[in-house]
Amino acid sequence: MMRWTMPAAMLLLAACGGTEDKAPAAPENKAAAPRAAAELVAPADDEDAMARWQEDRGYEPDPSEPPLKRAEPGIGIGDKAIPAAIRGRWALDPADCPKRPGTDLTALVIDAANLRFHESHGELARIRERDASRIVADYKFSGEGMAWDRLMVLDAQDDGKTLIRRDYGEGAAGEGAAAGPMRYTRCA
C-alpha cells in the first residue's frame, strides 16, 4: 500500500491559502471547497489498525438527491444530530491536538450540528443515514469567501479513538467522485 506523507512546509503552505491548490468557482456562485490542509496518512505498521482503516464503510450517493437550499427542520436535535460518539475534537496529525485553536491546522471540532475546520465551517443540513457511531449527511460549508455543499461520511471506530471521514461530491476528488478516506485521531 502506498503511504502519503506531507512535509511540514507543504502543510503550512496549503493551510495558508496558496491559490494554486484551490479549485475555481463553479457557475452560479457555487464554489468548490478548498482542498484539505493535509494529505491522507495511512496508519503506522500496525496490521489491526490498517485492517480497521481499510474497512472504511463508504457510501454510494444517490445522484437524484440534490443539495438542500437550507437545513431540514429540527437538524441538530435528538436523532437529527451528529451522534455523540463522533462529537469532540479530532486531528489528522495527532501533533495538532495540544496546539491552541488557530494553530492546529489539521484539527476538526464536531458538535451536534457543526463541523469546524481550520478555515471552514460546515453546518449539518440533512441526515441520510445515522447510527450510534456513524453518520452520512449533507453539510453546507463556508470558508475563505466561498460556499459549497458536501456529502460526508463520519465513522467513529476503534472504541471512539479514530474517526474515518469520506467526502463525496464536487471538489471532493474530481467531479462527483469520492475522495479517499481520511483518518483522524481523537484529541484528549
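Residue numbers here run from 1 along each chain, matching the order of that chain's written sequence. Two thresholds apply to this predicted model, a pLDDT of at least 70 for residue-level local features and 80 or more for giving and counting side-chain atom pairs, whereas whole-chain, interface and lining totals are computed over all residues. With hydrogens and water excluded, all non-hydrogen atoms of the structure serve as input to the side-chain values.

Chemist: Is there a simple way to think about the sheet that holds strand β8 (residues 146-157) in this case?
Modeler: The pairing of strands in a sheet happens through backbone hydrogen bonds and is either parallel or antiparallel. With respect to topology, 8 strands assemble into a closed barrel ordered β3-β4-β5-β6-β7-β8-β9-β10, the strand pairing being antiparallel. Strand after strand, the sheet turns through a mean of 30° between neighbouring axes, direction not considered. Both strand β3 (residues 88-91) and strand β4 (residues 107-110) contribute to a ladder of 4 bridges, which runs antiparallel. Residue pairing for β4: glycine 88 is matched across the bridge by isoleucine 110. When DSSP finds two or more bridges between a pair of strands, those strands are recorded as paired. Note on conventions: DSSP H or I runs of at least 4 residues are helices, E runs of at least 2 residues are strands, and numbering of each starts at the N terminus. Here the axes come from fitting lines to C-alpha atoms, over the contacting stretch only for helices, and the angles between their N-to-C directions go from 0 to 180 degrees.

Chemist: I would appreciate a short explanation of the state of the cysteines in the present structure.
Modeler: Here a disulfide denotes one covalent bond, and it connects the sulfur atoms of two cysteines. Only a pair of cysteine sulfur atoms within 2.5 Å counts as a disulfide in this structure description. Counted according to the given criterion, the structure contains 1 disulfide. Put simply, cysteine 97 and cysteine 187 are joined by a disulfide, and their sulfur atoms are 2.0 Å apart. Handedness of the cysteine 97-cysteine 187 disulfide follows from its S-S torsion of about -70°: it is left-handed. Highlighted residues: cysteine 97 in the loop between β3 and β4 and cysteine 187 in the segment after β10 (182-186), separated in sequence by 90 residues. Comparing cysteine 97 with cysteine 187 shows no difference in burial state: the two are buried. Relative accessibility under 20% of the residue-type maximum defines a buried residue, over 50% an exposed one, and the middle range a partly exposed one, all with a 1.4 Å probe and only protein chains included.

Chemist: In this structure, what is going on with the pairing of β3? I would like to understand it.
Modeler: Both faces of the sheet carry side chains from a regular strand, because those side chains alternate between them. Inspection of the sheet shows β3 paired to β10 by 2 bridges, in the antiparallel sense. Counterpart to alanine 91 in the pairing with β10 is threonine 185.

Chemist: What exactly am I supposed to notice about the packing of aromatic side chains here?
Modeler: By convention, a stacked pair of Phe, Tyr or Trp rings (six-membered ring in the case of Trp) has centres within 6.5 Å and planes under 30 degrees apart, an edge-to-face pair has planes over 60 apart, and any other such pair is tilted. Enumeration over the complete set of coordinates arrives at 3 aromatic pairs. Here phenylalanine 117 and phenylalanine 141 contribute two aromatic rings whose centre-to-centre distance is 5.9 Å and whose plane-to-plane angle is 40°, an arrangement assigned as tilted. Taken together, the residues span a long stretch of sequence, with phenylalanine 117 in the loop between β5 (114-116) and β6 (121-131) and phenylalanine 141 in strand β7 (residues 134-143) at a distance of 24 residues. Residue class for phenylalanine 141 comes out buried when judged on its relative accessible area of 6%. Taking 5.5 Å as the distance between ring centres and 5° as the angle between the ring planes, the aromatic pair formed by phenylalanine 141 and tryptophan 148 counts as stacked. Accessibility classification places phenylalanine 141 together with tryptophan 148 in one group, the buried group. Members of the aromatic cluster, connected to one another through ring pairs, are Phe117, Tyr139, Phe141 and Trp148.

Chemist: Sorry if this is basic, but what is going on with the side chain of aspartate 96 here?
Modeler: Looking at the element boundaries, aspartate 96 is found in the loop between β3 and β4. Judged by relative accessible area, aspartate 96 falls into the buried class, the value being 2%.

Chemist: Looking at this structure, how should I read the pairing of strand β9 (residues 162-168)?
Modeler: Of all 7 residues in β9, 7 are buried, a share of seventy percent or more. A two-sided burial pattern is seen for β9, the buried positions comprising Thr162, Ile164, Arg166 and Tyr168 on one face and Leu163, Arg165 and Asp167 on the other. Direction of pairing for β8 relative to β9: antiparallel, over a ladder of 7 bridges. Bridge pairing in β9 links leucine 151 to tyrosine 168. Here β8 hands over to β9 after 4 residues, with aspartate 158 in that stretch at a positive phi of 55°. Summarising the sheet, β9 and β10 pair through 4 bridges and their orientation is antiparallel. Looking at the pairing, leucine 163 lines up with tyrosine 184 of β10.

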